[in-house]
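Survey of secondary and tertiary structure
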Amino acid sequence: MPPQIPVTRTFLPPLAEYTELLEGIWERGYVTNNGPLLVELEKDLVPYHGMKHVLFAGNGTITLQLALRALDITGEVITTPFSYVATTTTLLWERCAPVFVDIESDGFNIDAGKIEAAITPRTQAILATHVYGLPCDVEKIQNIAKKHGLKVIYDAAHAFGTEYKGRPLLSYGDISSCSFHATKIFHTVEGGSLACNDDGLYRALFLMRSFGHIKDDHFLAGINAKNSEFHAAMGKLVLRYFPTILERRKQQWTRYAQGLKGMRIAQVPAETRYNHAYFPLVLGSESQLMAVMAGLAEIDVLPRRYFYPSLSALPYLTFNGTCPIAEDLAPRVMCLPLYHDLTESDIDRIIARVQSVV
Ligand SMILES: *Cc1c(COP(=O)(O)O)cnc(C)c1O
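Read on for a plain summary of the structure.

Scoring rules and cut-offs
- Residues numbered from 1 in each chain as written.
- Predicted model: local features only at pLDDT ≥ 70, side-chain atom pairs only at ≥ 80, totals over all residues.
- Heavy atoms only, no water.
- Axes fitted to C-alpha atoms, helices over the stretch in contact; angles between N-to-C directions.
- Helix = DSSP H or I, 4+ residues; strand = E, 2+ residues; numbered from the N terminus.
- Left-handed = near helix turned anticlockwise from the far one by under 90°.
- Contact = heavy atoms within 4.5 Å.
- Nonpolar A, V, L, I, M, F, W, Y, C, P; charged D, E, K, R; others polar.
- Expected span 1.5 Å × (residues − 1).
- Buried < 20%, exposed > 50% of the residue type's maximum accessible area, 1.4 Å probe, protein only.
- Arc of directions from axis to C-beta.
- Salt bridge = Lys/Arg side-chain N within 4 Å of Asp/Glu carboxyl O.
- Near = heavy atom within 4 Å.
- Polar contact = N/O pair within 3.5 Å; in protein donor to acceptor, adjacent residues only side chain to side chain.
- Areas by Shrake-Rupley, 256 points an atom, 1.4 Å probe, with all protein chains shown as cover.

Glancing now at the packing of helix 2 (residues 36-49) against helix 7 (residues 229-259). In contact at an axis separation of 8 Å, helix 2 and helix 7 are set at 35° when each is read in the N-to-C sense. Taken as a pair, helix 2 and helix 7 cross one another with a handedness that is left-handed. Where helix 2 approaches helix 7, its residues P36, L37, L38, E40, L41, D44, L45 and Y48 are matched on the opposing element by E229, A232, A233, G235, K236, L239 and F242. Broken down by class, the residue content of the contact of helix 2 with helix 7 amounts to 10 nonpolar, one polar and four charged.

What follows covers helix 10 (residues 344-357). A turn of α-helix holds 3.6 residues, and therefore any two residues three or four places apart point the same way. Helix length check: helix 10 (14 residues) gives 20 Å between terminal C-alpha atoms against 20 Å at 1.5 Å per residue, within 8%. Taken residue by residue, helix 10 has D346, I347, I350, I351 and V354 as its buried positions. Angular distribution of buried residues about the axis of helix 10 spans 135°; they occupy a single face of the element.

Across all of its chains, the model carries 18 salt bridges by this definition. In this structure, the salt-bridge partner of D346 is R349, at a minimum N-O distance of 3.5 Å. With a gap of three residues between them, D346 and R349 both fall in helix 10, about one helical turn apart. Using a relative accessible area of 28% as the deciding quantity, one classes R349 as partly exposed.

Let's shift gears to the site of the ligand. By nearness alone, 15 residues border the ligand, and T61, D155, H158, S179 and K184 come closest of all. G60 has a polar backbone atom sitting 2.8 Å from an oxygen atom of the ligand. Residue H158 places a side-chain N or O atom 2.7 Å away from an oxygen atom belonging to the ligand. Relative to its free-state accessible area of 380 Å², the ligand is covered by the protein chains to the extent of 91%. When the residues that make up the shell around the ligand are grouped by side-chain class, the tally is three nonpolar, 10 polar and two charged.

This brings us to unusual backbone geometry. Residue F307 follows Y306 across a cis peptide bond; omega there is 0°. Mapping F307 onto the fold places it in the loop between strand 16 (301-302) and helix 9 (324-329). A cis amide bond links Y308 to the next residue, P309, at an omega of -5°. One can find P309 in the loop between strand 16 and helix 9. You will see that F211, though not glycine, has its phi angle at about 65°, which is positive. When you line up the elements, F211 lands in the loop between helix 6 (199-209) and strand 11 (213-214). Of note in the backbone geometry, D300 takes a positive phi value of approximately 65° without being a glycine. Of note, D300 is situated in the loop between helix 8 (286-298) and strand 16.

Turning our attention to helix 8. Between its terminal C-alpha atoms helix 8 stretches 18 Å, which fits the 18 Å expected from 13 residues at 1.5 Å a residue. Along helix 8, the residues that are buried comprise L289, V292, G295 and L296. In a view along the axis of helix 8, the buried residues occupy a sector of 125°, so they form one face of it. Facing away from the buried side of helix 8, by more than 90 degrees, are the exposed residues S287 and E298. If you follow the buried residues of helix 8, they end up packed against strand 16, strand 17 (333-336) and helix 10. Once helix 8 ends, the next one or two residues include D300, with phi positive near 65°.

Below, the structure is given as structure tokens:
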């Protein structure tokens, strides 16, 4: 029996390379609080973000919280119903009011053409996700934000490595937030980043990450969103292998796309160098999705329902609108396994099983 094939597996660099970095940590005895590996990692990450400032933080959820705080967002925020639940729960946690705008009928991202109709005098920001690492309509969103004086935060948790119009996708918006969780295409075990161009905003985020003080000088009320030398060390090593990971993913993704021709998969927009972070497959109905999941489970393949349910239908919301497109999509979309050491023959087995059930 071949081993189980999960939706993703964490890329781990050769252990000897990690031990080598650990030796340095042991020599210095310095394990957290802006250590030298963390500072190096932040520098290494700048070209991947395409923004002047990059902060490495504890995870990709607290980064969204800091973004909302640093921009002083307390009112209505226009957001997407199709994302990981953290995009919405962060808004609720920060006591902002999510206002869902439906997604594009032929894609997975917020429909920028529907944003203006949802703006009210209380709207302060747009929080959109580059779902599966595919770019939102960043230009249209920027124009709307400018016209109405709104801030733009991207939940770019999937977007590391994608380039749009020759720039990292992470370079768009007032603040981009990324997740470096172990399930993401680039990871630091746990971790996340914040990127921005504005110096004042950077200073606020920097202070907020670490209780709002530098030594004995206290500037604002912050929190603990720091990350450690151990996580930074992992990041430095995964970054070393990142070009290989991207190349491998592209081959795997293309193999899936060819094998599943005729079915609804992701379309990569023009002028996009995609990171191939996920392979979403949209089925005709929820019952067909369940049948495919069951068929794959029989051969020990475990795809995931990314993302279900539509966030506009979360049981603890007070939002009383609907998002018909997202609510129609969420029950019938899943992501197929995709990770560095998934083999061609595994992909072919998965394709064959999907085809036979459908
Ligand atoms: C993973 C993810 C997050 C949360 O990141 P963590 O690092 O796990 O806290 C937020 N938003 C989206 C879209 C994600 O996929």
